[in-house]
Amino acid sequence: MAYFLLRLAPPRPSFPFDATETEKALFSEHAAYWIDLAERGQAVAVGPVFDAAGTWGLALVEAADDAAARALGADDPVIRAGAGFAYTLSAVPNLILRR
C-alpha cells in the first residue's frame with residue numbers, strides 16, 4: 001500500500017465562509033463519507049486547511065495505487081454532485097507516522 005494526498009479545491013475562494021444551505025448539506029455527506037473511510041483505515045487524516053491563499057481540503061489516504069486513490073476522491077459526494085469542487089492527487093513516497 002502507498003500514501004497519497006488528495007487536495008480538494010473549493011468552488012470559490014470564499015468557501016466555506018459563504019456556503020449556501022445546499023453546500024452545507026452536501027458537506028455533511030462529504031464528512032460522513034470521509035469519517036467512514038477513516039474508520040475503515042483508508043483515510044489517514046482528513047480536514048480543512050486554512051491557507052493564507054484560500055481554504056482547501058486535504059485527505060491523506062492509503063491505497064494500492066494512484067487509480068485506487070483517485071477513486072476515493074471520485075466517490076466523494078461533493079464530486080459526484082458536480083458542485084464545483086475538484087481533487088488533485090499527489091503521491092507521498094515517504095511518510096513518518098507517529099507511533
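- Looking up the protein in an unreviewed UniProt entry gives the name YCII-related domain-containing protein, with the organism given as Methylobacterium gregans.
- In its Sequence similarities (unreviewed entry) section, UniProt records this for the protein: "Belongs to the YciI family."

**Topic: helix H1 (residues 21-39)**
Part 1 of the reasoning: Helix length check: H1 (19 residues) gives 27 Å between terminal C-alpha atoms against 27 Å at 1.5 Å per residue, within 8%.
Part 2 of the reasoning: When we look at burial in H1, the residues that qualify are Glu 23, Leu 26, His 30, Tyr 33, Trp 34 and Leu 37. Taken around the axis of H1, the buried residues stretch over an arc of 90°, which confines them to a single face. In H1, the exposed positions angled more than 90 degrees off the buried face are occupied by Glu 21 and Glu 39.
Part 3 of the reasoning: Buried positions along H1 lie against strand S1 (2-9), strand S2 (43-51), strand S3 (54-63), helix H2 (66-74), helix H3 (77-80) and strand S4 (86-92).
Part 4 of the reasoning: Of the residues trailing H1, Gly 41 is marked for its positive phi of about 85°.

**A few points about the pairing of S1**
Part 1 of the reasoning: In the sheet, S1 pairs with S3 via seven bridges, with the strands oriented antiparallel. The residue bridging Leu 6 from the neighbouring strand is Ala 59, located in S3.
Part 2 of the reasoning: In the sheet, S1 pairs with S4 via seven bridges, with the strands oriented antiparallel. The partner of Leu 8 across the bridge, within S4, is Tyr 87.

**A few points about the environment of Ala 31**
Part 1 of the reasoning: Relative to the elements of secondary structure, Ala 31 occurs in helix H1.
Part 2 of the reasoning: A relative accessible area of 34% means that Ala 31 is categorised as partly exposed.
Part 3 of the reasoning: Residues Ala 31 and Gly 47, spaced 16 residues apart in sequence, show a C-alpha to C-alpha distance of 9.0 Å.

**Focus: the sheet that holds S2**
Part 1 of the reasoning: With antiparallel pairing, the four strands of this open sheet are ordered in space as S2-S3-S1-S4. Only two strands of the sheet have a single partner each, and these edge strands are S2 and S4. Averaged over all neighbouring strand pairs, the angle between strand axes comes to 20°, with direction disregarded.
Part 2 of the reasoning: Those strands touched by H1 are S1, S2, S3 and S4, and its axis lies near 140° from that of S2.
Part 3 of the reasoning: Contacts from H2 reach S1, S3 and S4, with the element oriented near 35° to S1.

Each value, and the rule that gives it
Residues numbered from 1 in each chain as written. Predicted model: local features only at pLDDT ≥ 70, side-chain atom pairs only at ≥ 80, totals over all residues. Heavy atoms only, no water. UniProt positions renumbered as here; feature names shortened; annotations may be inferred. Helix = DSSP H or I, 4+ residues; strand = E, 2+ residues; numbered from the N terminus. Expected span 1.5 Å × (residues − 1). Buried < 20%, exposed > 50% of the residue type's maximum accessible area, 1.4 Å probe, protein only. Arc of directions from axis to C-beta. Contact = heavy atoms within 4.5 Å. Pairing = 2+ DSSP bridges. Axes fitted to C-alpha atoms, helices over the stretch in contact; angles between N-to-C directions.

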